[in-house]
Amino acid sequence: MYRTHNCGELSRKDIGKEVILSGWIQKIRNLGSLFFIDIRDYFGVTQLIFSKKSVNKNFFLGKEFLIKVKGKVIERFSKNYNIPTGEIEISVSHIDLLNSSLSPPFTIENKTDGNEEIRMLYRYLDIRRDPIKNNLILRHNLALETRNFLSKNGFLEIETPVLINYTPEGARSFVVPSRTHINKFYTLAQSPQLFKQLLMIGGIDKYFQIVKCFRDEDSRSDRQIEFTQIDCEMSFVEVHDVLTFFEHFIKHIFKIIKNIQLDPFPCISYYDAIKMYGTDSPDIRFDIPFVELNDLVQKQDINLLKIQELVIGIKIKKCYNIHENDKMNCFLKKIENKNFFWIKYLYDRTLLYSDQNFLNKEIIKIFIKYFEANPGDLLFFSYGKKRKTREEFGKIRLKIADFLNLRNSKIFKPLWIKDLPLLEWEEKSKKYKSVHHPFTSPKEEDIHLLEKHPKKIRSKSYDLIINGIEIGSGSIRIHNKNVQNLIFKHLGLSKKEIESRFGFFVKAFEYGIPPHGGIAFGLDRLINILEGNQNIKNFIAFPKNNYGKDIMINAPSFLEKEKLKELHLR
Ligand code: ASP
């Protein structure tokens, strides 16, 4: 028998019991005739005490050695109320060595000295630490809750193939050579998109799948080339139905996992998001939208500003560190550029402002009045070409919020962005490409713009943004053969290409395709945001590094000549 109890469960009520525990040695304190050892297993840490005399130990012990001990639960002299076993210890009478260990390459405790690289290289040791282990438990709970919730609501979990042909998510696909079909290749699914739509054609009313997806994209610290989606699809729905249901789902997850009751999610159009926040994934934990000032600067005849395509400003109310002169000035210097200015309205009513020729006291007063600013308020402004100004000011808005500590990771502010553009122009290929994917339905009222103003067509698509991060995205799909063909045509696909890539799919359109739509949430991202947006790798058991490498197993790697030959690659 390896154990009567685990290392996390013994407490004061067990004093006097004879027990057997097994675990890894986390710490050894040698006090001469007495030894203290902390042993750890999946469940926790227990302190052992034994005297050299009472234990016939004829072997050396070190960190991470795996031992089995027999002993009596006794009350601990100096108690540790921070852990459940902190009031007791085991007075050991017998010890067995189950396995020895090399000295670990980093400290295997909650606080570690190991950098990311070394922890990735020895990920199995990193998983012994509570922070990583607890994240995996959390991930398990989230997946379980998702399955239960969706199943209860009539969704059926169905697996779709991974080795497929082409997937239309807009990223590059990973390619898998076929051994048995000479010169032919599979690609790894970027998402189950077409299959989930085919399931709707197959009469499955609601589908979901917690599924691995593969996208051959360049390295980014918040992205993995293989990642997990909560992928969903529903029949006979419109945008409103999908948003209502999945708002309910996300609220449920936050309640169960974090015990947080989320407020109703605001829903704004893509156009408004860009206009108000300069980005399609706004962080609204600090709801400070842009105020457009073109009319004001025209009316007030403010020289340099009245000739600008766009003038925008924001007001930060009651700014507690408005007086922190050194830090604040240093920050303002950092974000300063020539199309940007600021006004500080100090608590003693002094007005300070950027050093720019076109500004004077009169102009400053106009802005103070317009924004109804009070002492303690900060005003920031930007001007120039519409698109660039919005984009840059959107980034500055975030920097300001960071500086002022307005992005509290314990606060969650989800919002829906809808009506994203259907198509965007790609300069490289000189073609239009889908903003979401080619099966996304245009808004009926915009279809007439297809010939003359394709960029202006809005789609029936939506993104879920939480704290400025895209957590989910989806759309209502096209369920009309003619519209689908029209979109393919505008994406520059020839009849031959449509046939070879999507022939099977277009054929399915002939058999009574129901109206349908869906969404996919990034599971890794969702957990990461629930836990305060740390690092996505902390929530994946065996993640790739920022360059798409698994440094533990050394993947990707070269293949031997023989293998290449077998795959017809040489
Ligand atoms: N397939 C889409 C994606 O992976 C999600 C969807 O449209 O449901 O982003």
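Above: the structure in question.
Residues numbered from 1 in each chain as written. Predicted model: local features only at pLDDT ≥ 70, side-chain atom pairs only at ≥ 80, totals over all residues. Heavy atoms only, no water.

### Section: the overall build of the protein
Thinking step 1. Each helix and strand counted, the protein has 15 helices and 23 strands in total.
Thinking step 2. Dimensions of the protein, computed from the C-alpha atoms along their principal axes, are close to 90 × 75 × 50 Å.
Thinking step 3. Counting across all 570 residues of the protein, residues that qualify as buried make up 49%.
Thinking step 4. Here the analysis covers contacts within the protein between residues at least 6 apart in sequence; of these, 65% occur between residues at least 24 apart.
Thinking step 5. As presented, the protein carries roughly 30,000 Å² of accessible surface, and 52% of it is formed by carbon and sulfur atoms.
Thinking step 6. Of the side-chain charges in the protein, 90 are positive and 70 negative, and the distance between the mean point of each set is 2 Å. (Helix = DSSP H or I, 4+ residues; strand = E, 2+ residues; numbered from the N terminus. Buried < 20%, exposed > 50% of the residue type's maximum accessible area, 1.4 Å probe, protein only. Contact = heavy atoms within 4.5 Å. Areas by Shrake-Rupley, 256 points an atom, 1.4 Å probe, with all protein chains shown as cover. Lys, Arg positive; Asp, Glu negative; His and termini not counted. Charge placed at Lys NZ, Arg CZ, Asp CG, Glu CD.)

### What about the nonpolar core?
Thinking step 1. In this structure, Leu150, Phe246, Phe249, Ile250, Phe521 and Leu526 are the most contacted members of the largest nonpolar core, which totals 39 residues.
Thinking step 2. If you list the elements that add at least two residues to this core, you get helix H3 (130-152), strand S10 (206-214), strand S11 (226-235), helix H5 (239-258), strand S21 (461-466), strand S22 (469-476), strand S23 (516-522) and helix H14 (523-530).
Thinking step 3. Looking at this core, the element that brings in the most residues is H5, giving 10 residues.
Thinking step 4. Those residues within four positions of Phe521 in sequence are excluded, and the remaining contacts are Thr228, Gln229, Ile230, Phe246, Phe249, Ile250, Leu464, Ile471 and Gly472.
Thinking step 5. Grouped together as the second largest cluster of nonpolar side chains are 24 residues, Leu310, Ile312, Phe331 and Leu346 included. (Core = buried A, V, L, I, M, F, W, Y, C linked by side-chain atoms within 4.5 Å.)

### Let's talk about the site of the ligand
Thinking step 1. The ligand sits among 14 residues. The nearest are Glu169, Gln193, Lys196, His436 and Arg477.
Thinking step 2. Residue Gln193 places a side-chain N or O atom 2.6 Å away from a nitrogen atom belonging to the ligand.
Thinking step 3. Contact between the ligand and Arg215: an oxygen atom at 2.9 Å from a side-chain N or O atom of the residue.
Thinking step 4. If the ligand stood free it would expose 270 Å²; the protein chains cover 94% of that surface.
Thinking step 5. Secondary-structure elements contributing two or more residues to the shell around the ligand are helix H4 (193-201), S22 and S23.
Thinking step 6. With 3 residues, the single largest contributor to the shell around the ligand is S23. (Near = heavy atom within 4 Å. Polar contact = N/O pair within 3.5 Å; in protein donor to acceptor, adjacent residues only side chain to side chain.)

### A word on the state of the cysteines
Thinking step 1. This model, assessed by the stated rule, comprises 0 disulfides.
Thinking step 2. You can see Cys232 has no disulfide; the closest cysteine sulfur is in Cys213, sitting 12 Å from it.
Thinking step 3. Judged by relative accessible area, Cys232 falls into the buried class, the value being 0%.
Thinking step 4. Here Cys319 stays free of any disulfide, with the sulfur of Cys330 as its closest cysteine sulfur at 16 Å. (Disulfide = S-S within 2.5 Å.)

### Digging into the environment of Leu352
Thinking step 1. Inspection of the secondary structure assignment puts Leu352 in strand S16 (residues 351-353).
Thinking step 2. On the accessibility criterion, Leu352 (32% relative accessible area) is partly exposed.
Thinking step 3. Note: C-alpha distance between Leu352 and Ile364 (12 residues apart in sequence) is 9.2 Å.
Thinking step 4. If near-sequence neighbours (up to four positions away) are discounted, Leu352 is found in contact with Trp342, Ile343, Lys344 and Leu346.

### Some details on the environment of Ile25
Thinking step 1. Residue position: Ile25 is located in strand S1 (residues 18-30).
Thinking step 2. Along the chain, Ile25 and Arg40 lie 15 residues apart, while their C-alpha atoms are 6.4 Å from each other.
Thinking step 3. The residues contacting Ile25, other than those within four sequence positions of it, are Ile37, Asp38, Ile39, Leu61, Gly62, Lys63, Glu64, Phe65 and Ile67.

### A short note on the sheet that holds strand S13 (residues 291-292)
Thinking step 1. Sheet architecture is open: 5 strands sit in the order S13-S14-S17-S15-S16, paired in antiparallel fashion. Of all strands in the sheet, those bounded by a partner on one side alone are S13 and S16.
Thinking step 2. As paired strands, strand S15 (residues 340-345) and strand S17 (residues 378-384) are joined by 5 bridges and run antiparallel to one another. Paired with Phe340 across the bridge in S17 is Ser382.
Thinking step 3. Contacting S15 and S17, helix H9 (residues 325-335) crosses the sheet at an angle of about 160 degrees to S15.
Thinking step 4. Contacts from helix H11 (residues 386-403) reach S13, strand S14 (310-316), S15 and S17, with the element oriented near 15 degrees to S14. (Pairing = 2+ DSSP bridges. Axes fitted to C-alpha atoms, helices over the stretch in contact; angles between N-to-C directions.)

### Side note on a nonpolar patch on the surface
Thinking step 1. There is a patch of nonpolar side chains on the surface, built from Val175, Phe185 and Leu569 and spanning about 270 Å² of accessible area.
Thinking step 2. In this fold, Phe185 is placed in strand S9 (residues 185-188).
Thinking step 3. Overall, Phe185 belongs to the partly exposed group, its relative accessible area being 43%. (Patch = residues over 30% accessible without salt bridge, like charges linked within 9 Å, V, L, I, M, F, W, Y side chains within 5 Å. Salt bridge = Lys/Arg side-chain N within 4 Å of Asp/Glu carboxyl O.)

### Focus on the pattern of salt bridges
Thinking step 1. Following the criterion strictly, the structure yields 44 salt bridges and no others.
Thinking step 2. Lys196 is the partner of Glu233 in a salt bridge, and the nearest nitrogen-oxygen pair spans 3.4 Å. Of this pair, Glu233 sits in strand S11 while Lys196 sits in helix H4, and the two are 37 residues apart along the sequence.
Thinking step 3. Lys196 gets classed as buried once you look at its relative accessible area, which sits at 1%.
Thinking step 4. Residues participating in the shared-partner salt-bridge network are Arg12, Glu75, Lys79 and Glu87.

### Here's the deal with the packing of aromatic side chains
Thinking step 1. Counted by the stated rule, this structure contains 34 aromatic pairs.
Thinking step 2. Judged by centre distance (4.5 Å) and plane angle (5 degrees), the rings of Phe341 and Phe381 are stacked. Here the residue Phe341 occupies a position in strand S15, and Phe381 occupies one in strand S17, the gap between them amounting to 40 residues.
Thinking step 3. The buried category is assigned to Phe341, whose relative accessible area is 0%.
Thinking step 4. Classification of Phe381 by relative accessible area gives buried; the value is 0%.
Thinking step 5. Here the aromatic rings of Phe505 and Phe509 are separated by 5.3 Å at their centres, their planes lie at 75 degrees, and the arrangement is edge-to-face.
Thinking step 6. One aromatic cluster is present, formed by Phe341, Phe358, Phe367, Tyr370, Phe371, Phe381 and Tyr383 through successive ring pairs.
Thinking step 7. Positioned above the aromatic ring of Tyr42, the side-chain terminus of Lys133 is 5.4 Å from the ring centre. (Phe/Tyr/Trp six-rings, centres within 6.5 Å; stacked < 30°, edge-to-face > 60°. Lys NZ or Arg CZ within 6 Å of the ring centre and 35° of its normal.)

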